Amino acid sequence: MALKLNMNRICMRRLGVPFLLAFLLCGCAPEPQPLQLHQIYQRDTLRVGILNSPTSYYIAADGPAGYDYELVQSLADKLGVELELFPSYQREDLLQKLDSGQVDLIAGGLAVTESRKQKYRIAPAYLYRSEVVVYRKGGTQPKNFADLTEPLLVPKDSSLAETLQEATQQHPNLNWQESELLDTEELLQQVEDGKIPYTLVDSNLLAVNQRFYPNLTVAFQVKRQQPVAWLLNKQADDSFWAVLIEFFGQNYQSGDLLSLEDKYFGHIRRFDYIATVDYIKAIEKDLPRYQPLFEKYAGSFDWRLLAAIGYQESNWRPSARSSTGVVGLMMLTVSTAQAMGVSSRLDPAQSIKGGARYLERMLERIPERIPMPDRLWFAIAAYNIGWGHVESARVLTERDGGNPDQWHEVKQRLPWLQQKRYYQNTKLGYARGAQAVYYVENVRRFYDTLLWVDEKKKTEQRLDQQKQMLNQQFGDMPPTDPKTEGNSKGKTGSK
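Here the structure is a predicted model, which means the values were calculated and not measured.

Enquirer: Mind showing me how you'd approach helix 10 (residues 239-254) here?
Expert: Residues lying three or four places apart along an α-helix face the same way, a consequence of the helix completing one turn every 3.6 residues. The end-to-end C-alpha distance of helix 10, which contains 16 residues, comes to 23 Å, matching closely the 22 Å that a straight helix rising 1.5 Å per residue would cover. Of the residues one or two after helix 10, G255 is the one with positive phi, at around 90°.

Enquirer: I'm lost on the packing of helix 3 (residues 36-43) against helix 10 in this one. Help?
Expert: Helix packing geometry: the angle between the two helix axes and the distance between the axes. Interhelical geometry of helix 3 versus helix 10 gives an angle of 85° and a closest axis separation of 6 Å. Taken as axis vectors, helix 3 and helix 10 run roughly perpendicular relative to one another. Mapping the contact onto sequence places Q36, L37 and I40 in helix 3 and S239, F240 and V243 in helix 10. When grouped by side-chain class, the residues that make up the contact of helix 3 with helix 10 number four nonpolar, two polar and no charged.

Enquirer: When you look at the packing of aromatic side chains in this model, what are you seeing that I'm missing?
Expert: Each aromatic ring pair is summarised here by two numbers: the centre-to-centre distance and the angle between the ring planes. On inspection of all chains with the given rule, the structure shows 21 aromatic pairs. Clustering of aromatic rings is evident, with ring pairs tying together Y67, Y126, W230, F247, F248, Y264 and F265. The ring of W241 is capped by R121, whose NZ or CZ atom sits 4.9 Å from the centre of that ring. Across from the ring centre of F378, 5.9 Å away, lies the NZ or CZ of R394, which sits over that ring.

Enquirer: Looking at this structure, how should I read the pairing of strand 8 (residues 152-155)?
Expert: A regular strand carries its side chains on alternate faces of the sheet. Residues L152 and V154 of strand 8 are buried on one face, and the alternating residues L153 and P155, pointing to the opposite face, are buried as well. Handedness of the strand 8-helix 7 (residues 159-167)-strand 9 (residues 176-179) crossover: right-handed.

Enquirer: Explain the packing of helix 16 (residues 348-365) against helix 17 (residues 374-385) here, please?
Expert: Taken N-terminus to C-terminus, the directions of helix 16 and helix 17 make an angle of 125°; their axes are 8 Å apart at the nearest point. The angle between helix 16 and helix 17 places the two elements in the oblique class. Seen along the crossing, helix 16 lies across helix 17 with a hand that is right-handed. Residues G355, Y358, L359, M362, L363 and E364 of helix 16 touch helix 17, and the partners they reach there are R375, L376, A379, I380, A382 and Y383. Residues of the contact of helix 16 with helix 17, tallied by class, amount to nine nonpolar, one polar and two charged.

Enquirer: Sorry, what's going on with the side chain of R211 here?
Expert: Examined against the element boundaries, R211 turns out to sit in the loop between helix 9 (203-210) and strand 11 (216-228). Using a relative accessible area of 9% as the deciding quantity, one classes R211 as buried. Within the structure, R211 has its side chain in polar contact with the backbone oxygen of V208 (distance 2.9 Å). Within the local environment of R211, its side chain forms a polar contact with the side chain of D448, the two groups lying 2.4 Å apart.

About the thresholds
Residues numbered from 1 in each chain as written. Predicted model: local features only at pLDDT ≥ 70, side-chain atom pairs only at ≥ 80, totals over all residues. Heavy atoms only, no water. Helix = DSSP H or I, 4+ residues; strand = E, 2+ residues; numbered from the N terminus. Expected span 1.5 Å × (residues − 1). Axes fitted to C-alpha atoms, helices over the stretch in contact; angles between N-to-C directions. Parallel < 35°, antiparallel > 145°, perpendicular 65-115°, else oblique. Contact = heavy atoms within 4.5 Å. Nonpolar A, V, L, I, M, F, W, Y, C, P; charged D, E, K, R; others polar. Phe/Tyr/Trp six-rings, centres within 6.5 Å; stacked < 30°, edge-to-face > 60°. Lys NZ or Arg CZ within 6 Å of the ring centre and 35° of its normal. Buried < 20%, exposed > 50% of the residue type's maximum accessible area, 1.4 Å probe, protein only. Right-handed = clockwise from strand over helix to strand, strands pointing away. Left-handed = near helix turned anticlockwise from the far one by under 90°. Polar contact = N/O pair within 3.5 Å; in protein donor to acceptor, adjacent residues only side chain to side chain.

Written as structure tokens, this is what we have:
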């Protein structure tokens, strides 16, 4: 117990002036309540209510992931306590947990609205998003609320519903409904499938889903650049809130916040409808021929990442050629093919094997101090323009005061390699740096889409297998005796 209390004092000292001020302020009260920060240390746990969504928290193939998840994990690590998550698909459920004191904060990409300002304490904003009305490409585009011919559906108890409630003051004839069963992602799929005409959504979530539902498109913008923040109980003291101010300030100054934003959203800002549709078609039509080869030669990489690079290089065409002399499915140069032991660049198996080896070699050249996934993005950029040019961009980044170990910093300077005033002072000179940035972002988009399609296919296969097993188990059973039908159903239901 003594050791734990000493550690708590050390951690509190590290939190600096904001915490001390909050401590003194709270100490002036006649009957001081236990500090929220002290309670967190006493239980040795940070309890977080988090929204289960593709932009906040979800379970990926290699474990928990999500923008908010990584942030709250970083906060727990800073405090030196365990992270306990309370995930939910419903915002209202999270708000109830915060009201009852079950959680210390809510993290879930929640917009800062007037009603939330009145009810909760707002942490520093860490993201900004716009709110847009979405419809299916090919349909009639509404230009404003007056053009909506059917009810506008949004999730129940969301900030989007609050936006529409506000909009009715200027548009009293606005017809909208709250869905209790469908979340934003499901409503987007309904628009893609043509089951509903439109919905209101935040721009970040739309960008994520356009990779899977390419027919989704913006009709018009309702709100621009709305702040997104975590929520705390308004009755709590200032101790934990002061920590969050320092936490976000340090993450912004270090560039970690921007790096995390780039990881989840940086590659999806640009959307190409035709390219996305063609890619999804190619996954169904062309990929099955080469998937076994990608799986066989992927090595330490996810085969779907290797496949994404292959599509970016050649659209999975083994006979592809370019004017610069690169050839094959993975578009290898003569020198790279020789170095990787490839005798025929037109042979799909050799090309994929050689491409995987070359990517591995690029990854090995990246300093190990650079964490994933930035290290991987650097390797993919090096696959495109060579490690020497990527290193030149890192040098330029450092000279410019940026962090050469963060991809989001270096990708801003890579295009400088096409400007004489910069490349004349580098070791290797001119390079198509802007192309390398575009290359990496394309690969990341292709990879995300393939992950989604592949996981969806696996889920469908599992459901088919379960259905077949049930049919085999019960398909040949004799007809139910009407006299015992009720009892039989009762027993089945009790299981």
